[in-house]
Amino acid sequence: MTVRVHYFARLREELGRPNEEAELPAGGTTVGGLWQQLHQDAPPERLMAAVNQEQASLDTPVSDGDEVAYFPPVTGG
Amino acid sequence: MAVEICHEDFDPWALVARAEQAIPAHARGAASVFVGRMRDFNEDEDVTALFLEHYPGMTERELERIVAEAEARWPLLGCHVAHRVGDVRPGDALVLVATWSAHRVAARDACSDILERLKHEAPFWKRETLTDGTQRWVEKNTPGF
């Protein structure tokens, strides 16, 4: 069970990579759980996320084949 | 309605003129247009350049969702949203929101709603370059005044 993880903006620069593959635990995980698994730390404050290009929260489930994205608060316009 | 991501400098007024051609002339009683451009200052510091990052795919979908929700809420005849990405210079257009309706309130309120939701919900991020060459990510939108 793998997912593709994308990082944007300041997160992308701080982590030094725009994306990576992640192996999901049996039974799947959540957006917050996947962050913890990848970074051995709690998600930072004000972290935003998307699953399959739809806005998500830390509780949103993540399943095999999903596209998960983590990013800082948005500042368009 | 149309949503577009612009990778180069664009002329917002040309986009407005072109989009207006598609709306029946006898019905378009009101148009409301917002054009946002890059300033050469932010938070009391001089800014020489701006880099705008987006999430290809999701950004377009979010803009389309925001516009569709405005169309469900107000009786719009048309809507055109354009947003710049990439390396931007002071004076360049960053965002265009144009709405058409039979009456002014729907056009004006929808334009304002789309702009505010775009700023808070659509995945765009700004990185500023200051005069001494340092770069910083903008962490929050400015209040609207």
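As a reminder, the structure under discussion sits directly above these lines.
### Here's the deal with the pattern of salt bridges
Here comes step 1: This structure, assessed with the given rule, holds 17 salt bridges over all chains.
Here comes step 2: The salt bridge partner of R17 of chain A is E20 of chain A, with a shortest N-O separation of 3.2 Å.
Here comes step 3: Owing to a relative accessible area of 17%, E20 of chain A belongs among the buried residues under this scheme.
Here comes step 4: Residue E121 of chain B pairs with R117 of chain B through a salt bridge whose shortest N-O separation is 3.2 Å. Here E121 of chain B pairs with R117 of chain B, and both are found in helix α3 (residues 104-121), just 4 residues apart, close to one helical turn.
Here comes step 5: When its relative accessible area of 18% is taken as the criterion, R117 of chain B is described as buried.
Here comes step 6: Linked by salt bridges that have partners in common, E62, R65, E69, R117 and E121 of chain B make up one network.

### Digging into the packing of aromatic side chains
Here comes step 1: Applying the stated criterion across every chain, the model contains 7 aromatic pairs over all chains.
Here comes step 2: Between F8 of chain A and Y55 of chain B, the aromatic rings sit 4.4 Å apart at their centres with planes inclined by 35°, giving tilted as the arrangement. Of this pair, F8 of chain A sits in the loop between β1 (2-7) and α1 (9-15) while Y55 of chain B sits in the loop between β4 (45-54) and α2 (58-73), on two different chains.
Here comes step 3: On the basis of relative accessible area, F8 of chain A is assigned to the buried category, the value being 7%.
Here comes step 4: By the ring-pair criterion, three or more aromatic residues cluster together here, those being F8 and F71 of chain A together with Y55 and W125 of chain B.
Here comes step 5: Positioned above the aromatic ring of F41 of chain B is the side chain of R39 of chain B, whose terminal nitrogen or guanidinium carbon lies 5.4 Å from the ring centre.

Each value, and the rule that gives it
- Residues numbered from 1 in each chain as written.
- Chains lettered and ligands numbered in written order.
- Predicted model: local features only at pLDDT ≥ 70, side-chain atom pairs only at ≥ 80, totals over all residues.
- Heavy atoms only, no water.
- Salt bridge = Lys/Arg side-chain N within 4 Å of Asp/Glu carboxyl O.
- Buried < 20%, exposed > 50% of the residue type's maximum accessible area, 1.4 Å probe, protein only.
- Helix = DSSP H or I, 4+ residues; strand = E, 2+ residues; numbered from the N terminus.
- Phe/Tyr/Trp six-rings, centres within 6.5 Å; stacked < 30°, edge-to-face > 60°.
- Lys NZ or Arg CZ within 6 Å of the ring centre and 35° of its normal.

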